[in-house]
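Spelled out, the chains give:
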Amino acid sequence: MVLWHAFNSLPTWHRKMVLILSILVMMLAAWPSERAVATRVDDNDNELAVEQQVDEEALLARAEPVTPPKPRYVTRQVKVRSGDNMGVIFQRLGLSTADLHLIDQLEGTDTLRLLRPGQELTFKLTQGGELHSLYYPHSLEQALKVSRKDDSFTARAVRLELDTREASAQGSIRSSFWGAAVEAGMTEDQIMDLAAIFGWDIDFAQDLQPGDSFRVLFEEKYQDEERVASGDILAAEFINQGEIYRAVLSEDGNYYTPAGKAMRKSFLRAPVNFKYISSNFNPRRLHPVTGKVRPHNGIDYVAPVGTPIMAAGSGSVVAAGYNQFNGNYVFIKHAGNYVTKYLHLSKRTVNKGQRVKQGQTIGLLGGTGRVTGPHLHYEFVVGGIHKNPRTLILPQAETLSGNALSRFKVQARQQLAKLEQPQLQLAQRRDAS
Ligand SMILES: [Zn+2]
């Protein structure tokens, strides 16, 4: 802080010089690692091949050529291609099928039968080209290590250490939520997670407005200083049309408001995932056939034909059929005298009498019945009366209480404070550059 004030009190040209100098220093610090090349050193039999960063220029600058000691093993990295299996890979490396047969009979090597394209295996071969060991990280946190022992092999599972770090992102919506979230550096999974957290309160398909904004605190998984996966969203804030929504992940794995009310509700705000909706900003829609603004009994979602339509809540299918007005339709009855209706489907995927779960696909969006273009017409009926599901106060799901609530409140305060910490955002921006 003192430094910052000192910095601010400097004349403008001086401040610029300080900035330029610090940027130069940072660039110089980053320089060698960018020019570095990775080489593998295989003269020992470590768990993993040791990665060494060698500066090209430093090598070139050496006066006399250095002959490295001959490695005992040759390392071969194999990237699994589509259609590959261990047999094919062994053949490609010129390895013995008898060895593969021995390995296949070992306990715990079943994962080798489930190779997926893009995965990487590390083989260590003797100078004579025989298999010495093989290493297969089959998930982010698990690897299989097979090593030659006497006349056969041994297999063991290796737990991979992942570093968990926290990071944050924030954005403001100009044209689309998706675009703003991508711009904020969020991954596709994180965007979907964020929409799912607030999907009970905000209709991401229709409620968003330019100027809406969001902040997210999340985990990231690192392996050897490399980001390998995005972890859970720990806390998030979404401001929709001036209304502030906040959610914090609890130790029970669910999201709650800072006051401890579950984010999850008995009904989804929208029966269509927002990612299928072409425009998040819907002007007041005219009736597709009459062209008049009429007291519409439902909400129309325009999305491509074939878009999956979800049951907004759990319940049972009370009607599933076809007529000339509704086209293919599905009606679902839920606990508490609620009925939801889904019209104009290209296909129904449930039948009358069937129980459905919240989020389950009940049909595909279409343009059947009395319509001018494909869309989902969605109705929400309470006790026989049509309601606007977007403004309706929906039945509240569970709330934390007692000790769980007290613990959660402490945790929520900490997480929300982090969400508002500018230092974290600075760190995030530096990562992104
Ligand atoms: Zn409609």
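Higher on the page you've got the structure.
Here's what I pulled together on the structure shown here. (Residues numbered from 1 in each chain as written. Predicted model: local features only at pLDDT ≥ 70, side-chain atom pairs only at ≥ 80, totals over all residues. Heavy atoms only, no water.)

This part is about unusual backbone geometry. Its identity as a non-glycine residue notwithstanding, N337 has a phi of 70°, on the positive side. Structurally, the position occupied by N337 is in the loop between strand 16 (327-334) and strand 17 (338-345). Positive phi values are uncommon outside glycine, yet H344 reaches one of about 70°. Note that H344 resides in strand 17. You can call H344 buried: its relative accessible area is 5%. (Helix = DSSP H or I, 4+ residues; strand = E, 2+ residues; numbered from the N terminus. Buried < 20%, exposed > 50% of the residue type's maximum accessible area, 1.4 Å probe, protein only.)

Let us now look at the sheet that holds strand 12 (residues 255-256). One open sheet accounts for 5 strands, arranged 8-9-10-11-12; its pairing is antiparallel. Since the sheet does not close on itself, it has two edges, and those belong to strand 8 (163-172) and strand 12, each with one partner. Two elements, strand 10 (residues 226-240) and strand 11 (residues 243-249), share 6 bridges in a ladder whose sense is antiparallel. What sits directly across from E237, in strand 11, is R246. Contacts from helix 7 (residues 188-198) reach strand 9 (213-223), strand 10, strand 11 and strand 12, with the element oriented near 35° to strand 10. Those strands touched by helix 8 (residues 402-419) are strand 8, strand 9, strand 10, strand 11 and strand 12, and its axis lies near 115° from that of strand 11. (Pairing = 2+ DSSP bridges. Contact = heavy atoms within 4.5 Å. Axes fitted to C-alpha atoms, helices over the stretch in contact; angles between N-to-C directions.)

Counting residues in hydrophobic clusters, the biggest one holds 44 residues, and the most contacted among them are F177, L194, F198, F204, F214 and F238. Taken together, the elements giving at least two residues each to this core come down to strand 8, helix 6 (177-183), helix 7, strand 9, strand 10, strand 11, strand 12 and helix 8. Here the element with the most residues in this core is helix 7; it accounts for 6 residues. Formed by 26 residues, the second largest nonpolar core is a distinct cluster that contains V317, Y338, F380 and L394. (Core = buried A, V, L, I, M, F, W, Y, C linked by side-chain atoms within 4.5 Å.)

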